[in-house]
Amino acid sequence: TNLLRLDLEGGVRVLIRPSGTEAKTKVYLEAIERVGEVASVAPTRARVLAMLDALREPLTDELLAG
């Protein structure tokens, strides 16, 4: 696979690859964080989503400007 994988701190990954059918680049953000108790799922999810949003915005801006 023609894929660039960046492993960042905190279990965050950025995956970048060309589309197989269109003239565009696809970027995937992934975060993995262990949850100890069922009660902590919602706050953990909210924290991870906020972290991914904070990463997505500058990446999107940079890719669109490039």
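J.: A description of the sheet that holds strand 1 (residues 4-8) should follow, citing residues and the corresponding values.
T.: Read from one edge to the other, the open sheet built from three strands follows the order 1-2-3, with strand pairing classed as antiparallel. The open sheet has two edge strands, strand 1 and strand 3 (25-31), and neither has a second partner. Between one strand and the next, the sheet's axes are offset by a mean angle of 15 degrees, whatever the strand orientation. In the packing of helix 1 (residues 41-65) onto the sheet, contacts are made with strand 1, strand 2 (12-18) and strand 3, and the angle to strand 3 comes to roughly 160 degrees.

J.: Could you give an account of the side chain of Ser19, with specific residues and numbers?
T.: Within the secondary structure, Ser19 sits in the loop between strand 2 and strand 3. Given the relative accessible area of 11%, Ser19 is considered buried. One polar contact links the side chain of Ser19 to the main-chain amide nitrogen of Thr21, over a distance of 3.3 Å. Once you skip the residues sitting within four places of it in the chain, Ser19 turns out to touch Lys24 and Lys26.

J.: Could you give an account of the confidence of the model for the chain, naming the residues involved and the relevant values?
T.: For the chain, the average pLDDT comes to 87, and 97% of its residues sit at 70 or higher. No element of the chain has a lower mean pLDDT than helix 1, at 86, and none a higher one than strand 1, at 93.

J.: Could you give an account of the pattern of salt bridges, naming the residues involved and the relevant values?
T.: One pass over the structure, following the stated rule, counts six salt bridges. The residue Arg5 makes a salt bridge to Asp7 at a minimum N-O spacing of 3.1 Å. Between Arg13 and Asp7 there is a salt bridge; the shortest N-O distance is 3.5 Å. Arg13 sits in the partly exposed class, given a relative accessible area of 24%. When its relative accessible area of 51% is taken as the criterion, Asp7 is described as exposed. One salt-bridge network, held together by shared partners, links Arg5, Asp7, Arg13 and Glu30.

What counts as what
- The numbering scheme is per chain: residues are counted from 1 as the chain's sequence reads.
- Local features in this predicted model are restricted to residues of pLDDT 70 or higher, and side-chain atom pairs are both shown and tallied only at a pLDDT of 80 or more, whereas totals for entire chains, interfaces and linings draw on every residue.
- The basis for the side-chain values is all heavy atoms of the structure; hydrogens and waters are excluded.
- Two strands pair if DSSP finds at least two bridges between them.
- Only runs of H or I of at least four residues qualify as helices and only runs of E of at least two qualify as strands under DSSP, and these elements are numbered from the N terminus.
- Each axis is a line fitted through C-alpha atoms, and for a helix only the stretch in contact is used; angles between axes span 0 to 180 degrees, taken between their N-to-C directions.
- Contacts were defined at the residue level, with two residues in contact if any of their heavy atoms lie within 4.5 Å.
- Note on exposure labels: buried denotes an accessible area under 20% of the residue type's maximum, exposed denotes more than 50%, and partly exposed covers the range between, all computed with a 1.4 Å probe on protein chains only.
- Contacts described as polar in this section are N or O atom pairs within 3.5 Å, which, within protein, must combine one atom able to donate a hydrogen with one able to accept it, while residues neighboring in sequence count only if both atoms come from side chains.
- Values of pLDDT, ranging from 0 to 100, describe the predictor's confidence in every residue of the model.
- For salt bridges, the criterion is a side-chain nitrogen of Lys or Arg within 4 Å of an Asp or Glu carboxyl oxygen.

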